[in-house]
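Structural characterization, general
For reference, the chains in residue letters:
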Amino acid sequence: AGFNGNLYVFDGESMRAPREKLPIKLKNPGRIYHYPGSNLFYIHEDEVKVGGKQSWIIVDEKGNLLFKFKHGLPIEEIIPLADDTFITAYTRFVYLMRYDIKKGKLELINKVSLPSKGEIRDKMDQPSFNHLQYDERTNDVFVTVFSSGEIHRINMRTLKSETLAHLKKGVRFLAHAPKYNVICAGNYLTGDFSVIDQYNGDILYNINIGSRLRGVTLSRDGERVYAVSRGGVFEVNLSTIKTLIKKH
């Protein structure tokens, strides 16, 4: 998706590869989520101004608009799954949903409440967004609560919900490293980058890299995690802290 509102399909992994412009026109496109092999694409649209209303749409591979979410829902991320269901979280709940193509609407499959004490909206009436990571091996969803600093773990098979870790207010972005069984969390306000045991919540590693920390991303080989802050772009090599992880 481009800033001009166009949606493109590239014939290859390079941005210089031949491309085709799809028919849909987007409004301030942001994130795109897609499960490999699926016909469904989940696209985030946002207003430019701070605190502007945002929306999500579902588009097929031909660029046809299939569904538009209710305007203004504080959804920060969507996790598509192999069976064309998806997981998302907002207003203290985690949702497992599916787009019903025949009916043209969303189907709610499960809804699990978060064991959170954080506020749904802050003092400036901005929603406390939730960021997500999912472990396909265990069916666990990891959810942050910005307003309280909590990270929750929800099992979508048993629907068990529990608090995994309680960090400082501002924890936001997550990356899951299944090779090491850890969750990497970035605190947007404090600049703390933490590596957390995904099973018991122990903090195995912590470093401060500067405020406005965002973009926590796992490398393709699962060995490194990248993050961006006011201090620049940072790389944490998980293999350098594997001794701590193994001892634990």
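A few points on the structure. (Residues numbered from 1 in each chain as written. Predicted model: local features only at pLDDT ≥ 70, side-chain atom pairs only at ≥ 80, totals over all residues. Heavy atoms only, no water.)

So, on to the packing of aromatic side chains. Scanning all chains against the criterion turns up eight aromatic pairs. With 5.8 Å between their ring centres and 45° between their planes, F67 and Y99 make a pair best called tilted. With F67 in strand 6 (residues 65-68) and Y99 in strand 9 (residues 93-100), the pair connects residues that are 32 residues apart, well separated along the chain. Y99 matches F67 in its accessibility class, with the two residues each being buried. Ring geometry for Y90 versus Y95: centroids 4.6 Å apart, planes at 20°, classification stacked. As far as the burial class goes, Y90 and Y95 line up, both buried. The structure contains a cluster of three or more aromatic residues connected by ring pairs, namely Y42, F67, F69, F86 and Y99. Above the ring of Y8, the side-chain terminus of R19 is found at 4.3 Å from the ring centroid. Here the basic side chain of R172 rests over the ring of Y188, its NZ or CZ set 5.4 Å away from the ring centre. (Phe/Tyr/Trp six-rings, centres within 6.5 Å; stacked < 30°, edge-to-face > 60°. Helix = DSSP H or I, 4+ residues; strand = E, 2+ residues; numbered from the N terminus. Buried < 20%, exposed > 50% of the residue type's maximum accessible area, 1.4 Å probe, protein only. Lys NZ or Arg CZ within 6 Å of the ring centre and 35° of its normal.)

So, on to the sheet that holds strand 14 (residues 161-166). Taken in spatial order, the four strands make up an open sheet running 11-12-13-14, and their pairing is antiparallel. Single-partner strands in this sheet number two, and they are strand 11 (132-135) and strand 14. Between one strand axis and the next, the sheet turns by 25° as a mean value, whatever way the strands run. By the bridge criterion, six bridges tie strand 12 (residues 140-145) to strand 13 (residues 150-155) in an arrangement that is antiparallel. In the strand pairing of strand 13, D140 is matched with N155. (Pairing = 2+ DSSP bridges. Axes fitted to C-alpha atoms, helices over the stretch in contact; angles between N-to-C directions.)

Okay, unusual backbone geometry next. Although it is not a glycine, N28 sits at a positive phi angle of roughly 50°. According to the relative accessible area criterion, N28 is partly exposed, its value standing at 30%.

We now examine the sheet that holds strand 7 (residues 78-80). Backbone hydrogen bonds hold the strands of a sheet together, and the pairing may be parallel or antiparallel. Here we have four strands laid out as an open sheet, ordered 7-8-9-10, and antiparallel in their pairing. Of all the strands in the sheet, just strand 7 and strand 10 (105-113) have a single pairing partner and so form its edges. For this sheet the average axis-to-axis angle between neighbouring strands, irrespective of direction, equals 25°. Where strand 7 and strand 8 (residues 85-90) come together, three bridges link them in antiparallel fashion. Paired with I79 across the strands is I87, a residue of strand 8.

Our next topic: the environment of C184. Within the secondary structure, C184 is located in strand 16 (residues 182-187). Residue C184 is classed as buried on the basis of its relative accessible area of 0%. Along the primary structure C184 and Q133 are separated by 51 residues, whereas in three dimensions their C-alpha atoms are 10.0 Å apart. Discounting residues that sit within four places of it in the chain, C184 has contacts with F173, L174, A175, F193, S194, V195, V216, V225 and L238. (Contact = heavy atoms within 4.5 Å.)

In this section: the pattern of salt bridges. With the rule as written, the count across this model stands at nine salt bridges. Put simply, R31 and E76 hold a salt bridge, and the shortest N to O gap is 3.9 Å. Of this pair, R31 sits in strand 3 (residues 29-33) while E76 is found in the loop between strand 6 and strand 7, placing the two residues 45 residues apart along the sequence. Note that E162 is salt-bridged to R153, the shortest N-O span being 2.5 Å. (Salt bridge = Lys/Arg side-chain N within 4 Å of Asp/Glu carboxyl O.)

Another aspect to go through is the pairing of strand 13. Within a regular beta strand, the side chains point alternately toward one face of the sheet and then the other, so they alternate between its two faces. Among the six residues of strand 13, six are classified as buried, and the element is accordingly described as predominantly covered. Side chains of strand 13 alternate between two faces, with E150, H152 and I154 and I151, R153 and N155 buried alike. Linking strand 12 back to strand 13 in an antiparallel pair, the connection comprises four residues, with G149 at a positive phi of about 80°. The sheet contact formed by strand 13 and strand 14 spans five bridges and is antiparallel. Paired with E150 across the strands is H166, a residue of strand 14.

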